[in-house]
Amino acid sequence: MHDLNDMLYFAEVVERGSFAAAGRALGIPKSRLSRRISELEAQLDVRLLQRTTRTLSLTDAGQAFLAHCAAVRESAQAAADAVAQVQAVPRGTVRVTCPVTLAQTVLAQQLPFYLDRYPEVRLDLQVTNRVVNLVEEGVDVALRVRSSLDDSGSMVVKRLGEVCQALVASPAQLRRQGTPSGLEDLVRMDMLVPSSSDGQSSLRLIGPQGKVHSLQIAPRCVIDDLLSLKFAAMAGTGMGWLPDYMVAGELHDGRLVRLLPEWSLPRAIVHAVFPSRRGMSPAVRSFLDFLEEVMPPHASASCVGA
């Protein structure tokens, strides 16, 4: 195997355009650098560089060899960066965006634990449902809850878990209107939805063995904020589908009741997106690791298809 240092030297010479400039950057005498490249050419039995008194140019073989040398140099730098990041203490500012409901119900409660763990880190959290351009707006991490990861573009995606949507109602509403035994019963009951059009709402439901059903209802109340919708359900205003992690406590203590568990809205994927793993600061890396600990890890066992 060839000396990997010679491959790095060759890449540096080409990038700098001369042995003298590369020697200064590497802290190696020009004569020694020239000799090492000549020995490399001898080992390969091919000329890599055409030398004149004023310029250097690559041969065809040199052009092909350079691509591999550049990859070796990049891998070496990445390895050095990885070691430095492991050794470094997380510090500095981490800029994060998060959807409103996820921030209100999960992230805001967990952030104090993260900040206690990493006292030299500052968080700049933007709570918004707007799609943020991370590069243009200088954001390190964006949390998203989507049915698909296809719209993440060139961003790196860290999948954190899945969310199941459960149909819930208060005991008071069930005493008033009865307990539905099938989807057809929902048409006559007070329903809560996050959006509607002309007083109608269409829900795409997933049932046993992946069966799909489109349910058309005239909702009693439209609330475009899920936390407010949850409070309305607890007050007996109506029943609606909510993320399982949002209602776990209320289902456990009986303030809400789960209905028709064989039917659910399509699952949503909780994930974080960020521009690149290369050069990631220890603070950002620590925050991504923390998200993996605290985000809803899986859809509940009672979720359709779980």
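Remember, predicted model here, so these are calculated numbers, not experimental data.

A. How the structure looks around the pattern of salt bridges. In this structure the tally under the stated criterion is 16 salt bridges. In this structure, Arg91 and Glu120 form a salt bridge, with 3.0 Å as the shortest nitrogen-oxygen distance. Residue Arg91 is found in the loop between helix H4 (60–87) and strand S3 (92–98), and its partner Glu120 is found in the loop between helix H5 (100–117) and strand S4 (121–127); the two are separated by 29 residues along the sequence. Residue Arg91 is classed as partly exposed on the basis of its relative accessible area, which comes to 48%. The closest approach of N and O atoms between Arg267 and Glu162, which form a salt bridge, is 2.6 Å. On the criterion of sequence distance, the pair formed by Arg267 in strand S13 (residues 265–274) and Glu162 in strand S6 (residues 156–169) is long-range, its members being 105 residues apart. Arg267 sits in the partly exposed class, given a relative accessible area of 27%. By sharing partners, the salt bridges in this structure join Glu12, Glu15, Arg16 and Arg73 into a single network.

B. Fine view of the packing of helix H8 (residues 226–234) against helix H9 (residues 244–253). Closest axis-to-axis distance for the H8/H9 pair is 11 Å, and the angle between their directions is 25°. Between H8 and H9, the angle falls in the class roughly parallel. The hand of the H8/H9 crossing is right-handed. Each of Leu226, Leu227, Lys230 and Met234 in H8 lies in contact with H9, whose residues at this interface are Met246, Val247 and Glu250. A per-class count over the contact of H8 with H9 returns 5 nonpolar, no polar and 2 charged.

C. Highlighting H5. End to end, H5 covers 24 Å across 18 residues, agreeing with the expected 26 Å (1.5 Å per residue, within 8%). The principal kink in H5, of about 50°, is found at Leu107. Among all positions in H5, only Thr101, Leu102, Ala103, Thr105, Val106, Leu107, Leu111 and Tyr114 are buried.

D. Structural view of the packing of aromatic side chains. Counted under the stated rule, the structure contains 4 aromatic pairs. Aromatic pair Tyr114 and Phe290: ring centres 5.2 Å apart, planes at 50°, arrangement tilted. Placement of Tyr114 in helix H5 and of Phe290 in helix H10 (residues 282–294) is noted, with a sequence separation of 176 residues between them. Given the relative accessible area of 0%, Tyr114 is considered buried. Overall, the relative accessible area of 2% leaves Phe290 in the buried class. An aromatic cluster is defined as three or more aromatic residues linked by ring pairs; in this entry it consists of Tyr114, Tyr118, Phe287 and Phe290.

E. Expanded view of the pairing of S4. Bridge count for S3 against S4 is 7 bridges, and the pairing is parallel. When the bridges of S4 are listed, Arg95 appears paired with Asp124. One crossover worth recording links S3 to the parallel S4 by way of H5, and it is right-handed.

F. Focus on the side chain of Arg144. As for its position among the elements, Arg144 is in strand S5 (residues 141–146). Within the local environment of Arg144, its side chain forms a polar contact with the backbone oxygen of Val132, the two atoms lying 3.2 Å apart. The residues touching Arg144, leaving out its near neighbours within four places in the chain, are Pro99, Val131, Val132, Leu134, Ile269, Val270, His271 and Val273.

G. Region of the structure containing the state of the cysteines. Evaluation of the coordinates by the stated rule reveals 0 disulfides. Here Cys98 stays free of any disulfide, with the sulfur of Cys164 as its closest cysteine sulfur at 20 Å.

H. Inspection of the environment of Leu8 at higher detail. Inspection of the secondary structure puts Leu8 in helix H1 (residues 4–16). When the C-alpha atoms of Leu8 and Ser195 are compared, they prove to be 59 Å apart, with 187 residues separating the residues in sequence. Non-local contacts of Leu8, meaning those with residues more than four positions away in its chain, are made with Val72 and Arg73.

I. Structural view of the pairing of S3. As judged from the 2 bridges shared by S3 and S5, these two strands associate in the parallel manner. Across the sheet, the residue bridging to Thr97 is Ala142, located in S5.

J. Expanded view of the environment of Gly238. Residue placement: Gly238 occurs in the loop between H8 and strand S11 (240–243). Here the alpha-carbon distance between Gly238 and Ala172, two residues 66 residues apart in the chain, equals 9.7 Å. Contacts of Gly238, omitting those with residues within four sequence positions, involve Gln173, Asp190, Leu192, Ala232 and Ala233.

K. Examining the side chain of Ser264 more closely. Among the structural elements, Ser264 can be located in the loop between strand S12 (257–259) and S13. Polar side-chain contacts of Ser264 include one of 2.8 Å to the backbone oxygen of Gln165.

Reading the values: the criteria
- Residues numbered from 1 in each chain as written.
- Predicted model: local features only at pLDDT ≥ 70, side-chain atom pairs only at ≥ 80, totals over all residues.
- Heavy atoms only, no water.
- Salt bridge = Lys/Arg side-chain N within 4 Å of Asp/Glu carboxyl O.
- Helix = DSSP H or I, 4+ residues; strand = E, 2+ residues; numbered from the N terminus.
- Buried < 20%, exposed > 50% of the residue type's maximum accessible area, 1.4 Å probe, protein only.
- Axes fitted to C-alpha atoms, helices over the stretch in contact; angles between N-to-C directions.
- Parallel < 35°, antiparallel > 145°, perpendicular 65-115°, else oblique.
- Left-handed = near helix turned anticlockwise from the far one by under 90°.
- Contact = heavy atoms within 4.5 Å.
- Nonpolar A, V, L, I, M, F, W, Y, C, P; charged D, E, K, R; others polar.
- Expected span 1.5 Å × (residues − 1).
- Bend = angle between axes of the 7 residues up to and from the residue.
- Phe/Tyr/Trp six-rings, centres within 6.5 Å; stacked < 30°, edge-to-face > 60°.
- Pairing = 2+ DSSP bridges.
- Right-handed = clockwise from strand over helix to strand, strands pointing away.
- Polar contact = N/O pair within 3.5 Å; in protein donor to acceptor, adjacent residues only side chain to side chain.
- Disulfide = S-S within 2.5 Å.

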